[in-house]
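# Overview (structure and organization)
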Amino acid sequence: MTALTGPLHPADLIDMAHSPAYFLAAGAADREFSWAHAAPAKIADPVIHRLIDKVRVGPPPSENAARYRQGATVTIRTTDGREITSTVFVPKGAGILGIAWADIDAKYRTLVPLSGLPERQIEASLEIIHRFRDVADVSELTGLLQITR
């Protein structure tokens, strides 16, 4: 990446999902980045938005460039002049590393409630997803994904 892409100041989940600047600022603000950062309150967090304005793209890696697979080096410069740097060559959740069921469950349980689906349907549908290879008819899952009013 040579410049920031996506919406600089996301206003909703779709904007957030396409904003590397938000990922960096939210991670710096909260010292972690998780699916909790997809919630409307976090997306609107003024602390995160102030940090977004401080995100800059540096030069591409000159060492180990072939090892980067959607990874990055991040350097945080503090107001007192200190620098903290961390490099990730392959991020958690990248297909090459595999994805753990615990990570899928956490994502599902964080994002699906935003649809308005009741908790009992969320849990039942997640159980079907876990055993999807054994499901005879996809309507077993799709029926649970419908919101009844």
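The preceding data block contains the structure.
Residues numbered from 1 in each chain as written. Predicted model: local features only at pLDDT ≥ 70, side-chain atom pairs only at ≥ 80, totals over all residues. Heavy atoms only, no water.

As enumerated under the stated definition, the model contains 7 salt bridges in all. Measuring nitrogen to oxygen at the nearest pair gives 2.8 Å for the salt bridge that ties aspartate 30 to lysine 42. Remark: lysine 42 occurs in helix H3 (residues 40-43) and aspartate 30 occurs in helix H2 (residues 20-30); sequence separation between them is 12 residues. Residue classification places aspartate 30 among the partly exposed residues on the basis of a relative accessible area of 27%. Here lysine 42 ties to aspartate 45 by a salt bridge, and the two come within 3.8 Å at their closest N and O atoms. Overlapping salt bridges, with partners in common, bring together Asp30, Lys42 and Asp45 in one network. (Salt bridge = Lys/Arg side-chain N within 4 Å of Asp/Glu carboxyl O. Helix = DSSP H or I, 4+ residues; strand = E, 2+ residues; numbered from the N terminus. Buried < 20%, exposed > 50% of the residue type's maximum accessible area, 1.4 Å probe, protein only.)

Side chains of Leu24, Val74, Ile76 and Ile84 sit close together on the surface and give an oily, nonpolar patch of about 290 Å² of accessible area. Structurally, the position occupied by leucine 24 is in helix H2. Given the relative accessible area of 35%, leucine 24 is considered partly exposed. (Patch = residues over 30% accessible without salt bridge, like charges linked within 9 Å, V, L, I, M, F, W, Y side chains within 5 Å. Areas by Shrake-Rupley, 256 points an atom, 1.4 Å probe, with all protein chains shown as cover.)

On to the pairing of strand E2 (residues 83-88). Here strand E1 (residues 72-77) pairs with E2 via 6 bridges, running antiparallel. Within the sheet, the bridge partner assigned to arginine 77 lies in E2 and is glutamate 83. Where E1 hands over to E2, the hairpin turn is made up of 5 residues, of which glycine 81 adopts a positive phi near 95°. (Pairing = 2+ DSSP bridges.)

Our focus in this paragraph is the packing of helix H5 (residues 101-111) against helix H6 (residues 119-130). Running from N to C, H5 and H6 point in directions that differ by 150°, and their axes come no closer than 11 Å. Looking at the two axes, H5 sits roughly antiparallel to H6. At the point where H5 passes H6, the crossing takes the right-handed sense. For the pair H5 and H6, contact is made by Trp101, Asp105, Tyr108 and Arg109 and by Ile122, Glu123, Ser125, Leu126, Ile129 and His130, respectively. Of the residues in the contact of H5 with H6, the class split is 5 nonpolar, 2 polar and 3 charged. (Axes fitted to C-alpha atoms, helices over the stretch in contact; angles between N-to-C directions. Parallel < 35°, antiparallel > 145°, perpendicular 65-115°, else oblique. Left-handed = near helix turned anticlockwise from the far one by under 90°. Contact = heavy atoms within 4.5 Å. Nonpolar A, V, L, I, M, F, W, Y, C, P; charged D, E, K, R; others polar.)

Once that is clear, we can look at H5. Count 3.6 residues to each turn of an α-helix, and residues three or four apart come out pointing the same way. Among all positions of H5, only Asp105, Tyr108 and Leu111 are buried. All buried residues of H5 fall inside an arc of 155° around its axis, so they share one side. Looking at the buried positions of H5, the neighbouring elements they touch are helix H1 (13-17) and H6. (Arc of directions from axis to C-beta.)

The next point concerns the nonpolar core. Within the largest apolar cluster, 11 residues are counted, these being Met16, Ala21, Tyr22, Ala25, Ala26, Ala38, Ile43, Ile48, Ile52, Val55 and Leu111. At the level of secondary structure, the elements contributing two or more residues to this core comprise H2 and helix H4 (46-52). With 4 residues, H2 is the single largest residue contributor to this core. Ignoring anything within four residues of it in the chain, the contact list for isoleucine 43 reads Pro10, Ala11, Asp12, Leu13, Met16, Tyr22, His37, Ala38 and His49. Tyr108, Val112, Ile122 and Leu126 belong to the second-largest nonpolar core, a separate cluster that totals 5 residues. (Core = buried A, V, L, I, M, F, W, Y, C linked by side-chain atoms within 4.5 Å.)

Let us look at the environment of threonine 78. Following the sequence through the fold, threonine 78 ends up in the loop between E1 and E2. Here threonine 78 falls in the partly exposed class, since its relative accessible area comes to 23%. Polar contacts involving the side chain of threonine 78 include one to the side chain of aspartate 80, which spans 2.4 Å. (Polar contact = N/O pair within 3.5 Å; in protein donor to acceptor, adjacent residues only side chain to side chain.)

Before going further, it helps to examine unusual backbone geometry. Although it is not a glycine, arginine 31 adopts a positive phi angle of roughly 60°. As for its placement among the helices and strands, arginine 31 is situated in the loop between H2 and H3. Residue classification places arginine 31 among the exposed positions, given a relative accessible area of 79%.

Spatial relationships are all this shows, so hold off on functional conclusions.
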